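Commentary on secondary and tertiary structure
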Amino acid sequence: MNNIEQIIKEAFEKIENADSVSIEAVRLEYLGKSGALTSILKSLSQYSIEEKKQIGARANRAKVLIEEAIEIKKEKLKKCALDERLAKEKQDFSSSFYFNFSKGSLHPVLQTIESIGAVFKSLGFDVAEGPEIETDRYNFEALNIASDHPARDTQDTFYLEGTNNLLRTHTSPGQIRVMEKQNPPVKVIVPGRVYRNEASDASHSSTFHQIEGLCVGGNITFADLKSVLTSFAHKFFGRDLNIRFRPSHFQFTEPSAEADMQCFFCKGKGCRVCKNSGWIETLGCGMVHPNVLKAVNYDPEKYSGYAFGIGVERIAMLKRGIDDIRLFYENDLRFLKQF
Ligand code: PHE
């Protein structure tokens, strides 16, 4: 009996100290064919019946205890091995290795679209988008620019061969698309990329961005247009700067105007940026032409509205003091990293 107790004690110690390889040797040493407990059970015949019962029961009990202890230890070793592997394979994404890759950010043109958009959203405008490939009808016809009208000359563009499609020259087709889809009231901005057949220089690019604005309803007047654009100018550039409206011409608005912001470099005093005029041209606008309302089956007797188109790069250049529009499209990180 004492011998069995001794065996259990010893086995437990060996199990405790075993690793995933030696645990099998420990099992064989005690429970294998010629293991310590097995030989005790084999030698029972030499004892009296009473002794057989006691020693046999005790030895069997010891066998179960040791088996259980080995199973538990094996589980523990498996778990340790997994933990060890996981620890080894763990990636520390906060380590300097990962942080050495510089983080990206929005392109300055997109940043400008977002901040202009945020101001108009705060003034109650929704946001819509239209396709960059347009048909002649959306880009010109429905906007009251007939195929023989000289206004087409100033908006020459790229045509897609073998189709009636073209790259849109402005975001104004967005007006038509929005109005075709819903009845008044309409209050929406349409940001997007536009194209012109234009040689590029410091202030011109064949690809640039605009934000269209459109508001149509009952009794919308030029006063509403002025008030919304003045609010925009004050919110975006600051209260101390004025905005002024000059008569202009667009086929799809009547009357039409261009709006100038007081130069925010010299605060209107006159400097190199504003060519000493104190004012900077920022957008085209006007009251939606009745022919445009008719083109989307809105009754011009019942509804009126205003529209405007803001040049995004122009605003970004003025606000950030950038003097060449081409910088936006060259993907030069030294330029882009500044924003
Ligand atoms: N679409 C005009 C342009 O690109 C701008 C504009 C928009 C003018 C809306 C009036 C109203 O020049």
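Every value quoted in this text rests on a predicted model; they were computed, and no experiment measured them. (Residues numbered from 1 in each chain as written. Predicted model: local features only at pLDDT ≥ 70, side-chain atom pairs only at ≥ 80, totals over all residues. Heavy atoms only, no water.)

Here we take up the sheet that holds strand E9 (residues 304–311). Ordered in space as E1-E4-E5-E9-E8-E7-E6, the seven strands form an open sheet in which the pairing is mixed. On the outer flanks of this sheet lie strand E1 (126–127) and strand E6 (243–250), each paired with one strand and no other. Here strand E5 (residues 207–217) pairs with E9 via eight bridges, running antiparallel. The residue bridging Gly 213 from the neighbouring strand is Phe 308, located in E9. (Pairing = 2+ DSSP bridges. Helix = DSSP H or I, 4+ residues; strand = E, 2+ residues; numbered from the N terminus.)

Counting 45 residues, the largest nonpolar core has Phe 120, Tyr 306, Phe 308 and Ile 310 as the members making the most contacts within it. Secondary structure elements with two or more residues in this core: helix H6 (108–122), E5, helix H9 (222–237), strand E7 (253–262), strand E8 (279–288), E9, helix H11 (312–320) and helix H12 (333–336). When residues in this core are grouped by element, the largest group, seven residues, is from H9. Every residue in contact with Phe 308, bar those within four places of it in the chain, is listed here: Phe 120, Phe 125, Ile 189, Ile 211, Glu 212, Gly 213, Leu 225, Leu 229, Leu 283, Gly 284 and Cys 285. In terms of nonpolar packing, the next biggest core, distinct from the first, is built from 22 residues, Ile 145, Val 188, Val 216 and Leu 293 among them. (Core = buried A, V, L, I, M, F, W, Y, C linked by side-chain atoms within 4.5 Å. Buried < 20%, exposed > 50% of the residue type's maximum accessible area, 1.4 Å probe, protein only. Contact = heavy atoms within 4.5 Å.)

For the rest of this paragraph, the subject is the packing of helix H2 (residues 22–31) against helix H4 (residues 49–89). Relative to each other, H2 and H4 sit at 175°, their axes nearing to 11 Å. With respect to H4, the element H2 is oriented roughly antiparallel. When H2 is examined against H4, the residues Ile 23, Glu 24, Arg 27, Tyr 30 and Leu 31 are found in contact with a partner set consisting of Lys 63, Ile 66, Glu 67, Ile 70, Lys 73, Lys 74 and Leu 77. (Axes fitted to C-alpha atoms, helices over the stretch in contact; angles between N-to-C directions. Parallel < 35°, antiparallel > 145°, perpendicular 65-115°, else oblique.)

Under the counting rule described, the total for this entry stands at 14 aromatic pairs. Taking 4.8 Å as the distance between ring centres and 15° as the angle between the ring planes, the aromatic pair formed by Phe 120 and Phe 232 counts as stacked. On the criterion of sequence distance, the pair formed by Phe 120 in helix H6 and Phe 232 in helix H9 is long-range, its members being 112 residues apart. Between Tyr 298 and Tyr 303, the aromatic rings sit 6.1 Å apart at their centres with planes inclined by 55°, giving tilted as the arrangement. Relative accessible area serves as the criterion here: at 5%, Tyr 298 is assigned to the buried category. Residue classification places Tyr 303 among the partly exposed residues on the basis of a relative accessible area of 21%. Three or more aromatic residues joined by ring pairs make a cluster, and in this case those are Phe 120, Phe 125, Phe 232, Phe 236, Phe 237, Tyr 306 and Phe 308. Positioned above the aromatic ring of Tyr 138, the side-chain terminus of Arg 137 is 5.1 Å from the ring centre. (Phe/Tyr/Trp six-rings, centres within 6.5 Å; stacked < 30°, edge-to-face > 60°. Lys NZ or Arg CZ within 6 Å of the ring centre and 35° of its normal.)

Moving on to unusual backbone geometry. Along the chain, Pro 184 connects to Pro 185 via a cis peptide bond; the corresponding omega equals 5°. Residue Pro 255 follows Glu 254 across a cis peptide bond; omega there is -5°. For Pro 255, the position within the fold is in strand E7. For Asn 144, which is not a glycine, the phi torsion comes out positive at approximately 70°. You can see Asn 144 is positioned in the loop between helix H7 (136–139) and strand E3 (165–167).

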